[in-house]
Amino acid sequence: FLTLKWRKCLYFLQTIIRRIVMANFDISQFKVVESPYYQEQFNEVDLYKVAYSSRLPLMIKGPTGCGKSRFIEHMAYKLDKPLITVSCNEDITASDLIGRFLLDSDGTRWVDGPLTIAARHGAICYLDEIVEARQDTMVVIHSLTDHRRELMIDKKGELLKAHPDFQLVISYNPGYQSIMKDLKQSTKQRFVALDFDFASPEIEVIIVSNESGVDPEIAKKLVQFANATRKLVGHGLDEGASTRLLNYAGVLISKGVDIKDACQIALIKPITDDTEVREAMNTSMEAIFG
Ligand code: ADP
């Protein structure tokens, strides 16, 4: 049995070792190493820079696949800051974001979750589709998004002051929200917001031909078709074909798949099972591609 003095000594040693391990944590592994291709849509790059310079929490709103995540990757690269992305879903809890004790051969060991790593070591933490996560996650981000910039790690009894480089960014798709699943005003009003949408046809053609390697003339028709599907929103469709799906169609076409087959498998079948909506899309496809 160890005497109290030795136990204190051991505790002190453990604390020092933990500090050294944390000091050695290599946050640069989260840096975006290659410049992500990004076409600016409005003055979002400058607006982001100003928001980041004051570490304002940021909400990026817009439909799925319109470039929100790509934009954050682009900004993290430009600012040379590490980026930690969490794709939220209904299984994500506050503990998944903050961290937990794990049991291993040496006993229990605390492991920081992604939000804690970002706050402790100074990264941009991007919570993609946060509204999908469980309600308890909203509460934990509150103290990080006001003047306190701190995170209470209850299980460890630690009050973590966020690193000066830390910034919280969330994405939010207004089209998906229902009364059951929406951000509360008390959460919304902690963020500045940027409204994203699909790029203008001219810019989207450049994106699709760049990303997929498809000929710009074909990209132009694909974009025209996507915009026809976007007009069906509210008439049987929740969302029209995204830029991401246009890229898939472009990739298939550049690999030799017939244009109409590519439209079927990349732009029509993934987004609806409704026969009437599919028929309406087929009619547009025939009109555009002949
Ligand atoms: P989300 O809005 O769902 O986060 P992403 O950022 O993943 O969407 O965008 C989906 C795809 O669309 C990207 O992989 C990229 O190929 C393309 N994309 C959309 N907008 C842009 C843009 N402005 N510049 C470059 N690529 C874009």
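This one's a predicted model, so the numbers in the text were calculated from it and none came from an experiment.

## Some remarks on the overall build of the chain
- Across its full length, the chain carries twelve helices and nine strands.
- In terms of overall dimensions, the chain has a C-alpha envelope of 85 × 40 × 40 Å along the principal axes.
- When each of the 290 residues of the chain is scored for burial, the buried share is 44%.
- At a minimum sequence separation of 6, the contacts of the chain that also span at least 24 residues come to 71%.
- As presented, the chain carries roughly 15800 Å² of accessible surface, and 55% of it is formed by carbon and sulfur atoms.
- Side chains of the chain give 35 positive and 39 negative charges; the mean places of these two sets differ by 10 Å.

## Some words on the pairing of strand β4 (residues 107-112)
- Inspection of the sheet shows strand β3 (residues 99-104) paired to β4 by six bridges, in the antiparallel sense. The partner of G99 across the bridge, within β4, is D112.
- The antiparallel hairpin formed by β3 and β4 contains two residues in its connecting segment.

## Overview of the packing of helix α9 (residues 216-230) against helix α10 (residues 243-254)
- Where α9 meets α10, the closest approach of the two axes is 10 Å, and the angle between their N-to-C directions is 140°. The orientation of α9 relative to α10 falls into the category oblique. Note that α9 runs across α10; the crossing there is right-handed. From α9, I218, L222, V223, A226 and R230 reach across to α10, where they touch T243, L246, A249, G250 and I253.
- Grouping the amino acids of the contact of α9 with α10 by side-chain chemistry returns seven nonpolar, two polar and one charged.

## With respect to the site of the ligand
- Taken together, 17 residues form the shell around the ligand, and within it G65, S69, R70, E211 and N247 come nearest.
- A distance of 2.8 Å separates a nitrogen atom of the ligand from a polar atom in the backbone of Q39.
- Between an oxygen atom of the ligand and a side-chain N or O atom of R244, the distance comes to 3.0 Å.
- With the chains in place, 92% of the 560 Å² that the ligand exposes on its own is no longer accessible.
- Looking at side-chain class alone, the shell around the ligand contains five nonpolar, eight polar and four charged residues.

## A few points about the packing of helix α8 (residues 201-212) against α9
- Interhelical geometry of α8 versus α9 gives an angle of 125° and a closest axis separation of 9 Å. By the criterion of interaxial angle, the relationship of α8 to α9 is oblique. Along this stretch, α8 crosses α9, giving a crossing that reads as right-handed. Residue-level inspection shows P201, E204, V205, V208 and S209 of α8 in contact with α9, the latter providing P216, A219, K220, L222, V223, N227 and R230.
- Looking at the contact of α8 with α9 residue by residue, the class counts come to seven nonpolar, two polar and three charged.

## Let's talk about the sheet that holds strand β5 (residues 124-128)
- Within the open sheet, the five strands sit side by side as β2-β5-β8-β1-β9. Their pairing is parallel. If you trace the sheet from one side to the other, it starts and ends with β2 (83-87) and β9 (192-195), each paired once. Sheet twist, expressed as the mean angle between neighbouring strand axes with direction ignored, is 20°.
- Looking at chain direction, β2 and β5 are connected through five bridges and run parallel. For V86, the partnering residue across the bridge sits in β5 and is L127.
- Sheet strands touched by helix α2 (residues 44-53): β1 (58-61), β5, β8 (167-172) and β9. Its angle to β8, the strand with the most contacts, is close to 135°.

Rules of the game
Residues numbered from 1 in each chain as written. Predicted model: local features only at pLDDT ≥ 70, side-chain atom pairs only at ≥ 80, totals over all residues. Heavy atoms only, no water. Helix = DSSP H or I, 4+ residues; strand = E, 2+ residues; numbered from the N terminus. Buried < 20%, exposed > 50% of the residue type's maximum accessible area, 1.4 Å probe, protein only. Contact = heavy atoms within 4.5 Å. Areas by Shrake-Rupley, 256 points an atom, 1.4 Å probe, with all protein chains shown as cover. Lys, Arg positive; Asp, Glu negative; His and termini not counted. Charge placed at Lys NZ, Arg CZ, Asp CG, Glu CD. Pairing = 2+ DSSP bridges. Axes fitted to C-alpha atoms, helices over the stretch in contact; angles between N-to-C directions. Parallel < 35°, antiparallel > 145°, perpendicular 65-115°, else oblique. Left-handed = near helix turned anticlockwise from the far one by under 90°. Nonpolar A, V, L, I, M, F, W, Y, C, P; charged D, E, K, R; others polar. Near = heavy atom within 4 Å. Polar contact = N/O pair within 3.5 Å; in protein donor to acceptor, adjacent residues only side chain to side chain.

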